[in-house]
Amino acid sequence: KVTVKSLYRETEKYLEKEIEVSGWVRKLRSQKNFGFLEVNDGSFFKGVQVVFDTNLENFDEISRLSISSSVIVKGKLVKSQGAGQNFEVLATNVEIFQKADLDYPLQNKRHSFEFLRTIAHLRPRTNTFAAVFRVRSVLAYAIHKFFQENGFVYTHTPIITGSDCEGAGEMFRVTTLDLNNLPKKEDGTVDASADFFGKETNLTVSGQLNGETYCSAFRNIYTFGPTFRAEQSNTSRHAAEFWMIEPEIAFADLEANMELAEDMIKFIIKYVMETCPEEMEFFNQFIEKGLFDKLNNVLENGFAKVTYTQAVEILTTCGKKFDYPVTWGIDLQSEHERYLAEEHFKKPVFVTDYPKEIKAFYMKLNPDGKTVRAMDLLAPGIGEIIGGSQREDNLEELERRMAEVDLNPEDYKFYLDLRRFGSFPHSGYGLGFERMMMYITGMTNIRDVIPFPRTPKNADF
Ligand code: 4AD
Ligand code: MG
């Protein structure tokens, strides 16, 4: 019994040997006395060609097999005469496990990504999605490898929380209360103390606050888990459920934070390119022409850096008309981010030191009193893929900021404790895993890089 992958990687070892492969029929061509099956076993980007002929007692049955039928093939691996493959299996036995129903939706033709989203349970069987989701697995491993090899402790932060890390109010509520019969307090408002946890809870938007607490024990930590945002933005870059990687580093300022982000991005791109050559070649040919040039460029050059104030200067003097006018203080829109990364710098760029009003409460205030030690990494073609900052380590300053944005200190007591029991300079960031997937594969819609996307009005599968 062998995998198709081992046939490709160690062909010499199996040539002229009897082997058994099991999998699904992707293609079939048959003539009067012989035929070809392409069997894909899931272990590799490509399938293996199986030759069958009238020596097999079930020749007629095999000739009429439907696409996606499952089979177990025994035979000899031989050098192939045909174009397109170096080897093939001469079948001595083809056991048909199940004949697929004839209405299998993935016949051998090109399907649009929109259509394939409606059959998300079957789409990993297509070339594009087989490549996407193997790369997704390898990319996740590369991230763990990078952090583990650099001594970071993988920290599991809770999915259900009572806090709102980003303070944007974009949370999915978690409740066991009966919505048709809500317990009310005397003043008529909902009595959350009757809920499962005795208070209001929601799905986490970020593991950062909990991550920071483990940073104060282990120095360098990272999280890697699902996060949830009830953003109404129905775009190609937003999902309601997405995965985030959040490292947090102790005795480290914003510069060290940016250095870590750049090292990480380079490491994971290199690892995926080396580990998934067939899949990456496919993306380079069929999904984004010039993908390899783009990625090699990233590996070979340093990222650009500008402050928010400089970025505003660039945007207001570049002569380009934006739909959303640029003035100091605005939150940069996607058109601005893309101009900076794609047209001005032509490579990933860190934008730092944003106005405090447009950033979360926990970021360290600069001496100017107006900006905070924030950094966003903008990537050509995507926009923001990382958001991070140096954290406010001064208790009074943090309390002042929380009061300004109306956060209840009771909900953040554990977080404030970090500033009382050995406060320390620290920094961290969040990498959007799906945005990184889009960048590395060239796929242009976030719905096509996560197996079962969750977006407004869509929680199918
Ligand atoms: O910039 P964000 O909101 O930062 C945080 O959550 C911080 N707590 C991270 C930290 O400092 N530890 O989100 C981080 C990244 C974004 O840059 C983006 O790549 C991704 O998460 N992201 C999303 N990805 C897909 N769909 C969404 N709705 C996303 N919202 C953010
Ligand atoms: Mg952000």
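As recorded by an unreviewed UniProt entry, the protein chain carries the name Asparagine--tRNA ligase and is attributed to Cetobacterium ceti. In its Catalytic activity (unreviewed entry) section, the UniProt entry covering the protein chain states "tRNA(Asn) + L-asparagine + ATP = L-asparaginyl-tRNA(Asn) + AMP + diphosphate + H(+)".

Engineer: I'd like a description of a nonpolar patch on the surface, backed by residues and values.
Structural biologist: Together, Ile 159, Ile 160, Phe 196 and Phe 197 make up a nonpolar patch on the protein surface, roughly 390 Å² of accessible area in all. You can see Ile 159 is positioned in the loop between strand E6 (153-154) and strand E7 (160-161). Of the residues examined, Ile 159 reaches a relative accessible area of 33% and is grouped as partly exposed.

Engineer: Please provide a residue-by-residue account of the site of ligand 1, values included.
Structural biologist: Not every one of the 25 residues close to ligand 1 is listed here, only the nearest: Glu 166, Gln 208, Glu 231, Glu 246 and Glu 384. Measuring from a nitrogen atom of ligand 1, one finds a side-chain N or O atom of Glu 246 at 2.6 Å. Between ligand 1 and Gly 432 there is a distance of 3.3 Å, counted from an oxygen atom to a backbone nitrogen or oxygen. Protein burial of ligand 1: of its 640 Å² of free accessible surface, 94% is covered by the chains. For the shell around ligand 1, the element with the most residues is strand E15 (residues 383-390), which contributes five residues.

Engineer: Go over empty space enclosed by the protein with me, naming the residues and quoting the values.
Structural biologist: The final tally for this structure, using the stated rule, is one cavity of 30 Å³ or more. One number sums up the size of the largest cavity: a volume of about 50 Å³. Around the largest cavity, the lining residues are Thr 161, Ser 163, Asp 164, Cys 165, Asn 202, Thr 204, Val 205, Ser 206, Leu 209 and Asn 210. A breakdown of the residues in the lining of the largest cavity according to their chemical character gives three nonpolar, six polar and one charged.

Engineer: Before we move on, can you summarise the pairing of strand E14 (residues 374-379) with the specific residues and values?
Structural biologist: Most of E14 is tucked away, with six of its six residues classed as buried. Two strands pair when backbone bridges link them, and strand E13 (residues 349-352) and E14 are joined in this way by four bridges, in the antiparallel orientation. Opposite Phe 350, over in E14, you have Leu 377 as the bridge partner. Summarising the sheet, E14 and E15 pair through six bridges and their orientation is antiparallel. Residue Ala 374 lies in a different strand from E15, and its bridge partner there is Ser 389. Counting the residues that bridge the hairpin from E14 to E15 gives three residues, and of these Gly 381 lies at a positive phi of roughly 85°.

Conventions used here
- Residues numbered from 1 in each chain as written.
- Chains lettered and ligands numbered in written order.
- Predicted model: local features only at pLDDT ≥ 70, side-chain atom pairs only at ≥ 80, totals over all residues.
- Heavy atoms only, no water.
- UniProt positions renumbered as here; feature names shortened; annotations may be inferred.
- Patch = residues over 30% accessible without salt bridge, like charges linked within 9 Å, V, L, I, M, F, W, Y side chains within 5 Å.
- Areas by Shrake-Rupley, 256 points an atom, 1.4 Å probe, with all protein chains shown as cover.
- Salt bridge = Lys/Arg side-chain N within 4 Å of Asp/Glu carboxyl O.
- Helix = DSSP H or I, 4+ residues; strand = E, 2+ residues; numbered from the N terminus.
- Buried < 20%, exposed > 50% of the residue type's maximum accessible area, 1.4 Å probe, protein only.
- Near = heavy atom within 4 Å.
- Polar contact = N/O pair within 3.5 Å; in protein donor to acceptor, adjacent residues only side chain to side chain.
- 1 Å grid on protein atoms, 1.4 Å probe; cavity = no way out; pocket = protein on both sides within 12 Å on 5 of 7 lines; lining within 4 Å.
- Points joined across faces, edges and corners; volume = space filled by probe spheres on them.
- Nonpolar A, V, L, I, M, F, W, Y, C, P; charged D, E, K, R; others polar.
- Pairing = 2+ DSSP bridges.

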